[in-house]
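# Descriptive structure summary
Chain by chain, the residues:
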Amino acid sequence: MSSAPSPLRTATAPSTGAADIRLIVTDMDGTLLDDAKRIPPGLWETLAELRRRGVLFSPASGRQYATLAREFAAVAEDMVFIAENGTYVVRDGEELSSDPLETGVAAGVVQAVRRLAADGVDVGAVVCGKRSAYVERGDQAFLAEVRKYYVEHRVVEDATAVDDDVIKIALFDFGSAEHTTAPALAPFAATHQVVVSGEHWVDVMNRTANKGAALRRLQDELGITPAQTMVFGDYLNDLEMLDAADWSFAMANAHPDVVARARHLAPSNNDNGVLRTIARVLGLEA
C-alpha cells in the first residue's frame, strides 16, 4: 500500500460535536484494525458513548458475518454488520439483505483458480456461503490466512458442490493479487465484479453487490442521509462506500485511488485514525 501525499486533507468540522452524524461505517483490516489485526485501544468506550448518543456503528468488511459477530460479540446488540463486501448484511442475527451468485458463476471461478494453481500460481479460493466458507486447499499456510477472516470454514473435496447460498468467491494469492490473480479473472469482469480487496485478496461478486450498495440500502431503511453518515476505508473494495457518505475518510495508509476518492483523510490505521477522527468530529472526550 502507498502512503497518502502530504499535506493531508483534514475534516473541516469543529471539534465541538457540531456534526450531525447518525451512522458511522468502517472497514476493518487496514482501517479500524492496526497492521497486527488488533482492536484499537478505546474502541469499546467509544462504542458505548456512540450508543448513548444514538449513533449507529457498523463494521463493513470483506470478512464473513460469523467473524465480525465474534469480534463484536460483547456489543453486537442492534449493530448492523455489512459482511462479505456488502453481499450479506445482518442485524441482530437477522438477514437484512444478500446478493448470492448464480451456481454456474461460482463454479466457473473455482475452476479458474484450479487452472491458475496448476500453472504454478500459489493461490486458493474461498467459497463464501451464508453458513460457512469452503476451501479445497488444506495446507496450513493457506488455512492460516483463511482463519483470519473466516471463523466458520470447512475443507471440502469439491468447492463447486457445496450446499449453501454462495455470496462471494474470495481468492488468496501469496504473491500480488492485483498483478497476478485479478488479471486472470478478466473473463468474469465482463459480467461480474472482480475487486482487489487487499494486497493478496481478490473478490468476485455480482455487479450489484458492494459495500456502497449495502450502505445505501441501510441508509434508506433507517432514514439516514449521506450528510449524516461517516465512512472510513483504505482499499479498493471501499470505494463505493465512500461515495455514500459526505463524511468520507481515507486512511493515511490507503491505496492512492481511495485517497483520491475520499473527501477527507484520517490518520493511519496504526495511529488509531478511526477513533481519533470520530472523537474530533463528534467532540467526544479524549
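Scroll up to find the structure.
Residues numbered from 1 in each chain as written. Predicted model: local features only at pLDDT ≥ 70, side-chain atom pairs only at ≥ 80, totals over all residues. Heavy atoms only, no water.

Applying the stated criterion across every chain, the model contains 21 salt bridges. Across the salt bridge formed by arginine 53 and glutamate 49, the nearest N and O atoms sit 2.8 Å from each other. Overall, the relative accessible area of 22% leaves glutamate 49 in the partly exposed class. Put simply, Asp29, Lys37, Arg63 and Glu71 are held in one network by salt bridges that share partners. (Salt bridge = Lys/Arg side-chain N within 4 Å of Asp/Glu carboxyl O. Buried < 20%, exposed > 50% of the residue type's maximum accessible area, 1.4 Å probe, protein only.)

Here we come to the sheet that holds strand E2 (residues 56–59). An order of E2-E1-E12-E13-E14 is seen for the 5 strands of this open sheet, with the pairing classed as parallel. Where the open sheet ends on each side, the last strands, each with one partner, are E2 and strand E14 (264–266). The mean angle between the axes of side-by-side strands here comes to 20°, regardless of whether they run parallel or antiparallel. Two elements, strand E12 (residues 229–233) and strand E13 (residues 247–251), share 4 bridges in a ladder whose sense is parallel. From the neighbouring strand, glycine 233 faces E13, where its bridge partner is alanine 250. On the sheet, helix H8 (residues 211–222) packs against strand E1 (23–26), E2 and E12 and is oriented at approximately 165° with respect to E1. (Pairing = 2+ DSSP bridges. Helix = DSSP H or I, 4+ residues; strand = E, 2+ residues; numbered from the N terminus. Axes fitted to C-alpha atoms, helices over the stretch in contact; angles between N-to-C directions. Contact = heavy atoms within 4.5 Å.)

Next up on the list: helix H2 (residues 43–52). Within H2, burial applies to Leu43, Thr46, Leu47 and Leu50. Axial view of H2: buried residues confined to an arc of 100°, hence all on one face. For H2, exposure combined with an orientation more than 90 degrees from the buried face picks out Glu45 and Arg52. Looking one or two residues beyond H2, the residue adopting positive phi is glycine 54, at roughly 80°. (Arc of directions from axis to C-beta.)

It is worth spelling out the pairing of strand E5 (residues 94–98) at this point. Relative to E5, strand E4 (residues 88–91) runs antiparallel, the two sharing 4 bridges. Bridging from a neighbouring strand, valine 90 pairs with glutamate 95 of E5. Adjacent in sequence and paired antiparallel, E4 and E5 are bridged by 2 residues, among which aspartate 92 carries a positive phi angle near 50°.

Within the secondary structure layout, aspartate 164 lies in the loop between strand E8 (153–155) and strand E9 (166–173). Polar side-chain contacts of aspartate 164 include one of 3.4 Å to the backbone nitrogen of lysine 130. If we ignore the near neighbours within four places in the chain, the residues touching aspartate 164 are Gly129, Lys130, Arg131, Ser132 and Tyr134. (Polar contact = N/O pair within 3.5 Å; in protein donor to acceptor, adjacent residues only side chain to side chain.)

Attention shifts here to the nonpolar core. By size, the foremost hydrophobic cluster in this structure holds 49 residues, and its most contacted members are Val25, Ile82, Ile169 and Leu171. Here this core takes 7 residues from helix H4 (residues 103–118), the largest share from any one element. Sequence-distant contacts of isoleucine 169, that is, excluding residues within four places in its chain, are made with Leu101, Ala106, Val109, Ala125, Val126, Val127, Val202, Asp203 and Val204. (Core = buried A, V, L, I, M, F, W, Y, C linked by side-chain atoms within 4.5 Å.)

Two elements in contact, H2 and helix H11 (residues 273–282), have axes whose closest approach is 11 Å; the angle formed by their N-to-C orientations is 35°. Between H2 and H11 the crossing geometry is left-handed. Contacts between H2 and H11 involve Leu43, Thr46 and Leu50 from the first element and Leu275, Ile278 and Leu282 from the second. Its residues assigned to classes, the contact of H2 with H11 shows 5 nonpolar, 1 polar and no charged. (Left-handed = near helix turned anticlockwise from the far one by under 90°. Nonpolar A, V, L, I, M, F, W, Y, C, P; charged D, E, K, R; others polar.)

Function cannot be inferred from these measures alone, as they are strictly geometric.
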